[in-house]
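Close look at the chain arrangement
The primary structure of each chain is shown beneath.
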Amino acid sequence: DGPHKSLLQEYVAQQHIDRVKFEGFQVEAPIRYYKDASIFMLTSDLEGFGLVIIESMSFGCVPIVYGSYEAVYDIIEHEKSGFITPMPYSKNKTMEYMEQLIEHENLRNDMAKNAMTRSKLFSIDSIAKKWYDLFDEVLKHHHQKYKYCFHQQLLIHSFQQVQYKQARLHKE
């Protein structure tokens with residue numbers, strides 16, 4: 001949805017583009033879209049961390065993302081697990097990346113595999129281990145009693161919070 005929806009719908013009809021759907025606002029997780037897609041595009045100027053990029057990558061979608069925020073450079077390996085359109089934004093560069101993926105199936109398949117592998121760096125298990133190791137390092141200088149208690153609480157809390165999201169994301 002948005003202010004240009006009717007204009008876009010009219011354009012699609014005039015051009016006889018039959019593979020475009022206007023789904024409107026969605027409440028449910030976009031899993032069914034990830035499963036049907038092979039390319040994921042995010043060209044917004046501002047994003048927080050970009051979890052949606054990682055989610056799409058975990059389903060094998062190759063991301064084409066505007067490099068307007070720092071986190072995208074931590075998530076995507078440019079030209080390996082996706083494409084990052086440089087700043088300032090270039091519609092032509094974005095279209096070039098899209099054409100490469102559409103026209104070269106082997107490239108798209110290789111990048112999809114790399115995207116799935118890369119997304120695992122941000123899995124619940126991977127991130128929880130990094131946090132655990134960090135806290136373990138910090139607590140090395142404290143009394144063992146506090147260390148054990150803290151580790152136990154950290155693990156319980158971390159896994160309860162993130163298991164729900166992981167289960168919900170991949171249940172379909």
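This section reports on the structure supplied with the text. Values in this document were obtained by computation on a predicted structure and should not be read as measured data.

It is worth spelling out a nonpolar patch on the surface at this point. A surface patch of nonpolar side chains, about 430 Å² in accessible area, is lined by L8, Y11, I17, V20 and F22. Structurally, L8 is set in helix α1 (residues 5-14). For L8, a relative accessible area of 44% corresponds to the partly exposed category.

So, about the packing of helix α3 (residues 51-58) against helix α6 (residues 105-119). In contact at an axis separation of 7 Å, α3 and α6 are set at 125° when each is read in the N-to-C sense. On the basis of the axis angle, α3 is oblique to α6. Here α3 runs over α6; the crossing is left-handed. Contact residues: I54, M57 and S58 in α3; A115, M116, R118 and S119 in α6. Considered class by class, the residues forming the contact of α3 with α6 number four nonpolar, two polar and one charged.

Residues I53, V65, Y69, V72 and I76 are the most contacted members of the largest nonpolar core, which totals 17 residues. For this core, the secondary-structure elements that each account for two or more residues are α2 (31-36), β1 (39-42), α3 and α4 (71-75). Formed by seven residues, the second largest nonpolar core is a distinct cluster that contains V62, F83, L101 and A112.

Now for the packing of helix α5 (residues 91-103) against α6. Running from N to C, α5 and α6 cross one another at 100°; their axes reach a closest spacing of 5 Å. The angle between α5 and α6 places the two elements in the roughly perpendicular class. Where α5 approaches α6, its residues Q100, L101, I102 and E103 are matched on the opposing element by E105, L107, R108 and M111. Class assignment for the residues of the contact of α5 with α6 results in four nonpolar, one polar and three charged.

The next thing to look at is the pattern of salt bridges. Taken as a whole, this structure holds four salt bridges when the rule is applied. The residue E77 makes a salt bridge to R118 at a minimum N-O spacing of 3.9 Å. One end of the pair, E77, is in the loop between α4 and β3 (83-85); the other, R118, is in helix α6, and 41 residues separate them in sequence. Residue R118 is classed as buried on the basis of its relative accessible area of 17%. Linking K93 and E96 is a salt bridge whose minimum nitrogen-to-oxygen distance equals 3.2 Å. Residue K93 and its partner E96 are both found in helix α5; the two are separated by three residues, about one turn of the helix. You can call E96 partly exposed: its relative accessible area is 34%.

Definitions and cut-offs
Residues numbered from 1 in each chain as written. Predicted model: local features only at pLDDT ≥ 70, side-chain atom pairs only at ≥ 80, totals over all residues. Heavy atoms only, no water. Patch = residues over 30% accessible without salt bridge, like charges linked within 9 Å, V, L, I, M, F, W, Y side chains within 5 Å. Areas by Shrake-Rupley, 256 points an atom, 1.4 Å probe, with all protein chains shown as cover. Salt bridge = Lys/Arg side-chain N within 4 Å of Asp/Glu carboxyl O. Helix = DSSP H or I, 4+ residues; strand = E, 2+ residues; numbered from the N terminus. Buried < 20%, exposed > 50% of the residue type's maximum accessible area, 1.4 Å probe, protein only. Axes fitted to C-alpha atoms, helices over the stretch in contact; angles between N-to-C directions. Parallel < 35°, antiparallel > 145°, perpendicular 65-115°, else oblique. Left-handed = near helix turned anticlockwise from the far one by under 90°. Contact = heavy atoms within 4.5 Å. Nonpolar A, V, L, I, M, F, W, Y, C, P; charged D, E, K, R; others polar. Core = buried A, V, L, I, M, F, W, Y, C linked by side-chain atoms within 4.5 Å.

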